[in-house]
Structure formats: C-alpha cells, structure tokens
Amino acid sequence: MLSESIKKLVEYGVRTGLTPECERIYTTNLLLELFHEDDYEDVECDMSEIALEEILAELLDEACTRGIIENSIGYRDLFDTKIMNCLMPRPAQVQDSFRRKYEESPEAATDYFYKLSQDSDYIRRYRVKKDMKWKVDSPYGEIDITINLSKPEKDPKAIAAARNAKASSYPKCLLCVENEGYAGRLNHPARENHRIIPITINDSNWGFQYSPYVYYNEHCIVFNGQHTPMKIEKQTFIKLFDFVKLFPHYFLGSNADLPIVGGSILSHDHFQGGHYTFAMAKAPIEVPVTIPGYEDVEAGIVKWPLSVLRIRSTDEKRLIDLADHVLQAWRGYTDEEACIFAETDGEPHNTITPIARKVGDVFELDLTLRNNLTTEEHPLGLYHPHAQYHNIKKENIGLIEVMGLAVLPSRLKEELEILADYLVEGKDIRSNEKIEKHADWVEAFRGKYDAFTSGNVMDILKKEVGITFTHVLEDAGVYKCTEEGRKAFKKFIKTL
C-alpha cells in the first residue's frame, strides 16, 4: 500500500536526521506528487524496524505498476534517487551543518557528512555490503583484496535506450560539480540525493564528496571546481597538503597523469583519500637516503613492490619543494640498462603517483615512480600487470591499487565459485569456457596443497588471488625489489 510505504520512508528520514520533524507533512506531499497520487491515509503500521532497501523496493514496484517507470535496474535507480531527494536537506543546509560540525572538529564534520551520504542512499549500503573483501599476507605486509559487486550490471533495456538517447555533454563528466542534484539519464547516474562540500585548496575552488562505491572506509573524492585535466606538478603537492591540513585524519593521493599508469578519469583533476591505513602506509623505509640540499628531510626507499620514495618532515613546505625536485628529475630521467625511458618518439613516459598524510606532528609524502612504456612483449605496458596475471587483474594499477588494495572485477566472484567446485570434484578446468582462463594459474599452485576440500578450497583460492595481486604490484614497480633493482633505484636518487 502506497500510504504505508510513504509513511515508513518519511519516518526513516526523520529518524536518520535527513528530514526535520517539522517537514513530515511537506515530505509526505512531495512523495505523493511523485506517484501522481492525490490521496493519503495515515495508516497504522509496524515502525519498529525500518529497512530502507525494502521500502524503496516497495515504492519502485508501485511506480512500475502505475506505469511511471519501466521495470529495469536503470530506470529503478533513476527513480529511487528522485524518491530519496524528497527527504534530503538542500545543499546550503548540508554545507552549513558541515561548517558547524567542523568548528567542533574535522572528524565531527566528516562523520556527519559520511553518515548523511549513506543515509541518503547516495552510498547504497545494501549494495556495498555485497562486495567480497579479504586480506592476504605478503612479503610487504597485509594486502587488501576486494571484488567489486556494488556497481549494478546494465540491463539490455537500459543499454538499448541509452544507445538511442540524445547525446548530452552535461555534466561533462562524473566528477563535475554540475552532478549535484542532477536527475541523471540511462547513461549517466542520477545524483539528486548527492551533496558536495565546497573547500578551498591552493587558493582555488574544489569540491569534497564521498565515492558512492566506498572501496575502503570513508573513501572520499576531492575534485577541481573546473573541468580541467589531471596534471602532476608542484601545485599538486600544495593541494594535497592543503587538504591534509584541513582534515589531518585523512590521507589524500593523486592518480598519475599519464595513460596506463593513471586513473580512469584523466580529463578531470581530482584526488582520492579517506580514513584508512593501507599496507603501503604501514610499510617501513628499507633504505634510508640523504638528498643534497634537503638533509633536514627524512627520506628513504620504502619496502614496497612499487618504487616508492618516502619523504617526512614537520614542515610540509620542505616536502613540497623536494617533491617538485624529484618530479622534475624523474620526468627527464632515462636509464637504458634499467629499461627506463623518459620519452620515446616524443611521448613522455615518466610520472609520479603521490600520497600525502600526517602521522602525529609529521607530514609524510610517498612518491611512487611510474612509467607507461609499452613493448612488443608487453603491449599494454611494461610496468603494468603482465599477461600471465590477466585472468585476475588486467586493468590499470591506479592510486588505490598502488596503496595495496586490489579492486578486482565482479566476474571473479562467479569464476572462483565455479573453480572451487571443479577443484573439489577433480573436473577439467579447461572444459569450461568461463574458467578455462584460470587453468594455467591453477596448475602453477596446485602442487602446494595436499588436497582441495569444500572446507578449504575457497580460502586457498582467496590466498592465491592475493599472491597474484602482489605479483601484479611487482610488475608495476619500475625498480624491482632485488639487489639489482635497489642499485638502479639508488642510481636515480644520486641524480637528485
């Protein structure tokens, strides 16, 4: 019954703080209008437990029954966002609440905003919790693994409709400020329940929001107010530390600015951060180094599969100057013996993935050296996941993976489940086209285990996925964690 579902949803809004008690009737009427309904009955119903996913499912089914929307995931996602916006405070109210919370503490402000972003269903908790997550020990520390299941698969109806839809360049991308409040379309997600906090970094206007897919705790995105391309430069380091000074309990990092080693959206300058400590941050300095002119800055090569120079100081300005010095040197650095080329045929290859954080009173900056050279043997990238590991990870190694979190494709959930059955039952893996890609991978580790049983097989597969991802990170390292690799790394550092 529509009245009952609306009553429960409004109660949810009041209980979570999205909707003030004084707006109960107003919100009810907004929802009635969405469903083209003139009548409302204040029915008696059980309000002891209110599950948002269930209420929204009831309301979406009602919208389908009334012919308001088609019954497909694309249309349902667009409409339930419209429903939730009826409960939401206006952007100015959210910004005002955030500012007042910030006066208490930066943590109070982010706690408020993160809760709002979940209660509003912008972060769909019931989808995120479906993600598979586990940890695996490695020579470099405990690696995080996640199989992303929170992005819904597009249904055929939505794909066909999107293909026939009028082309639109508004908003220009998923990170533009114009997404706030946008109703969406089948090829662009609805963001009516989305709110952005304006912040100032490097004397320019930026936005602060959370990722709807939260790959880790309080996974936030900080984006330029203008649609301008990614670029790693001295100003990047200033921006990172401006943010860390505003929110010292958060780290902030940037994807590299070149294809292959960069992120998925190079067209819009942005950073990612959050309230989480990755294995990379826990990894120690393995080889301390002293850089001439910066003797006051603690520096060293980090024990990590990628090539990371960590610099530490209580004065972030010293780190900014040194980071720029390293960046300029690396941009132009070639070492043919180590197969590192600054450019080929005029195409630049060297860049940096930087991550800033504050540990106590000390500022830290991890500078991950990247190179996007391709070869005949490795056409997707020499310092990219090699072909033997593509059954697990073929995609770019971006900022999140650099820090030690594998974001793996959703296909792996089903494939690992099928693999588990085949291993326990002793079936031929190559006989199934869904999992034949994993046959060589399984053969490589099969001899390590006495037997595969229903009780241990999934733990074994998860462990081997983690080991493989560690190898993927090693592939992405321009200097390998070997005596020869360390020697080549030190050779570069001596040029600074």
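Keep in mind that what you see is a predicted model, and the values were worked out from it rather than measured.

(A) Examining helix H2 (residues 24–34) more closely. Of the residues making up H2, those classed as buried are Thr27, Thr28, Leu31, Leu32 and Leu34. Projected down its long axis, H2 shows its buried positions confined to an angular sector of 155°, all on one face. Exposed side of H2, more than 90 degrees from the buried face: Ile25, Tyr26 and Glu33 are the residues found there. Buried residues in H2 make contact with helix H1 (2–16) and helix H4 (73–85). Residue histidine 36 follows H2 closely and has a positive phi angle near 55°.

(B) Summary view of the environment of serine 97. Structurally, serine 97 can be placed in helix H5 (residues 91–104). In the structure, serine 97 is positioned 153 residues away from tyrosine 250 in sequence and 20 Å away in space, judged by C-alpha atoms.

(C) A look at the side chain of aspartate 257. Tracing the chain through its elements places aspartate 257 in the loop between strand E6 (251–253) and strand E7 (270–274). A distance of 2.8 Å separates a polar side-chain atom of aspartate 257 from the backbone nitrogen of isoleucine 232. A polar side-chain atom of aspartate 257 sits 2.9 Å from a polar atom in the side chain of arginine 331. Sequence-distant contacts of aspartate 257, defined by excluding residues within four places in its chain, comprise Met230, Lys231, Ile232, Leu266, Arg331 and Thr351.

(D) Quick look at the packing of aromatic side chains. Under the criterion given, the structure shown has 32 aromatic pairs. Their ring planes at 45° and their centres at 5.4 Å tell us that phenylalanine 113 and tyrosine 210 sit as a pair that is tilted. With phenylalanine 113 in helix H6 (residues 106–119) and tyrosine 210 in strand E4 (residues 204–210), this pair connects stretches of sequence that are 97 residues apart. There is no split in this pair, since phenylalanine 113 and tyrosine 210 are both buried. Note on tyrosine 170 and tyrosine 182: the rings are 5.6 Å apart at their centroids and 75° apart in plane angle, and the pair reads as edge-to-face. Of this pair, tyrosine 170 sits in the loop between helix H8 (156–164) and strand E3 (197–201) while tyrosine 182 sits in the loop between H8 and E3; the two residues are 12 residues apart in sequence, bridging distant segments of the chain. Using a relative accessible area of 45% as the deciding quantity, one classes tyrosine 170 as partly exposed. For tyrosine 182, a relative accessible area of 18% gives the class buried. A network of ring pairs unites the aromatic residues Phe98, Tyr102, Phe113, Tyr114, Phe208, Tyr210, Phe243, Phe247 and Tyr250 as a single cluster. For the cation-ring pair, lysine 427 lies above tyrosine 422, with the distance from its terminal atom to the ring centre recorded as 5.0 Å.

(E) Summary view of the sheet that holds strand E2 (residues 141–147). Spatially, E1-E2-E15 is the arrangement adopted by the 3 strands of the open sheet, whose pairing is mixed. Every other strand in the sheet has two partners, leaving strand E1 (132–138) and strand E15 (405–408) as the edge strands with one partner each. Between one strand and the next, the sheet's axes are offset by a mean angle of 20°, whatever the strand orientation. In terms of strand pairing, E1 meets E2 through 7 bridges, oriented antiparallel.

(F) How the structure looks around the nonpolar core. One finds Leu9, Ile83, Phe208, Phe243, Ile311 and Tyr479 to be the most contacted residues of the largest nonpolar core, which totals 93 residues. Every residue in contact with isoleucine 83, bar those within four places of it in the chain, is listed here: Leu9, Leu31, Leu34, Phe35, Leu56, Leu59 and Leu60.

(G) Here's a closer look at the pattern of salt bridges. Within the structure shown, the criterion is met by 43 salt bridges. Across the pair lysine 135 and aspartate 144 runs a salt bridge whose closest N-O atoms are separated by 2.6 Å. The salt bridge partner of lysine 491 is aspartate 335, with a shortest N-O separation of 3.5 Å. Residue lysine 491 is located in helix H16 (residues 483–493), and its partner aspartate 335 is located in the loop between helix H11 (316–331) and strand E11 (343–344); the two are separated by 156 residues in the primary sequence. Using a relative accessible area of 41% as the deciding quantity, one classes lysine 491 as partly exposed.

(H) Spatial organisation of the side chain of glutamine 95. Along the chain, the position of glutamine 95 falls in helix H5. Setting aside chain neighbours within four positions, we find glutamine 95 in contact with Ile196, Ile197 and Pro198.

(I) Spotlight on the pairing of strand E10 (residues 308–313). E10 sits mainly inside the fold: 6 of its 6 residues count as buried. Direction of pairing for E10 relative to strand E14 (residues 362–371): antiparallel, over a ladder of 6 bridges. When the sheet's bridge partners are listed, isoleucine 311 is paired in E14 with leucine 365.

(J) Broad picture of the sheet that holds E14. On the basis of which strands lie adjacent, the open sheet formed by 10 strands has the order E3-E4-E5-E7-E6-E13-E14-E10-E9-E8 and antiparallel pairing. The strands lining the two open edges of the sheet, one partner per strand, are E3 and strand E8 (285–289). On average, adjacent strands in this sheet sit at an angle of 25° to one another, irrespective of strand direction. For E6 and E7, the ladder comprises 3 bridges, and the chain directions are antiparallel.

(K) Layout of the environment of lysine 166. Within the fold, lysine 166 resides in the loop between H8 and E3. Placed 11 residues apart in sequence, lysine 166 and valine 177 show a C-alpha to C-alpha distance of 22 Å.

(L) Structural view of the packing of H1 against H2. Contact geometry for H1 and H2: axes closest at 10 Å, N-to-C directions at 135°. When the interaxial angle is binned, H1 and H2 end up oblique. Along this stretch, H1 crosses H2, giving a crossing that reads as right-handed. Here H1 contributes Ile6, Leu9, Val10, Glu11 and Val14 to the contact with H2, which in turn contributes Arg24, Thr27, Thr28, Leu31 and Leu32.

(M) Layout of the packing of H1 against helix H3 (residues 52–65). Where H1 contacts H3, the axes come no closer than 10 Å and their chain directions differ by 145°. Here the hand of the crossing between H1 and H3 comes out left-handed. Note on element contacts: H3 touches H1 through Leu52, Ile55, Glu58, Leu59 and Glu62, opposite Leu2, Ser5, Ile6, Lys8, Leu9 and Tyr12. For the contact of H1 with H3, the per-class residue count stands at 7 nonpolar, 1 polar and 3 charged.

Rules and cut-offs
Residues numbered from 1 in each chain as written. Predicted model: local features only at pLDDT ≥ 70, side-chain atom pairs only at ≥ 80, totals over all residues. Heavy atoms only, no water. Buried < 20%, exposed > 50% of the residue type's maximum accessible area, 1.4 Å probe, protein only. Helix = DSSP H or I, 4+ residues; strand = E, 2+ residues; numbered from the N terminus. Arc of directions from axis to C-beta. Contact = heavy atoms within 4.5 Å. Polar contact = N/O pair within 3.5 Å; in protein donor to acceptor, adjacent residues only side chain to side chain. Phe/Tyr/Trp six-rings, centres within 6.5 Å; stacked < 30°, edge-to-face > 60°. Lys NZ or Arg CZ within 6 Å of the ring centre and 35° of its normal. Pairing = 2+ DSSP bridges. Axes fitted to C-alpha atoms, helices over the stretch in contact; angles between N-to-C directions. Core = buried A, V, L, I, M, F, W, Y, C linked by side-chain atoms within 4.5 Å. Salt bridge = Lys/Arg side-chain N within 4 Å of Asp/Glu carboxyl O. Parallel < 35°, antiparallel > 145°, perpendicular 65-115°, else oblique. Left-handed = near helix turned anticlockwise from the far one by under 90°. Nonpolar A, V, L, I, M, F, W, Y, C, P; charged D, E, K, R; others polar.

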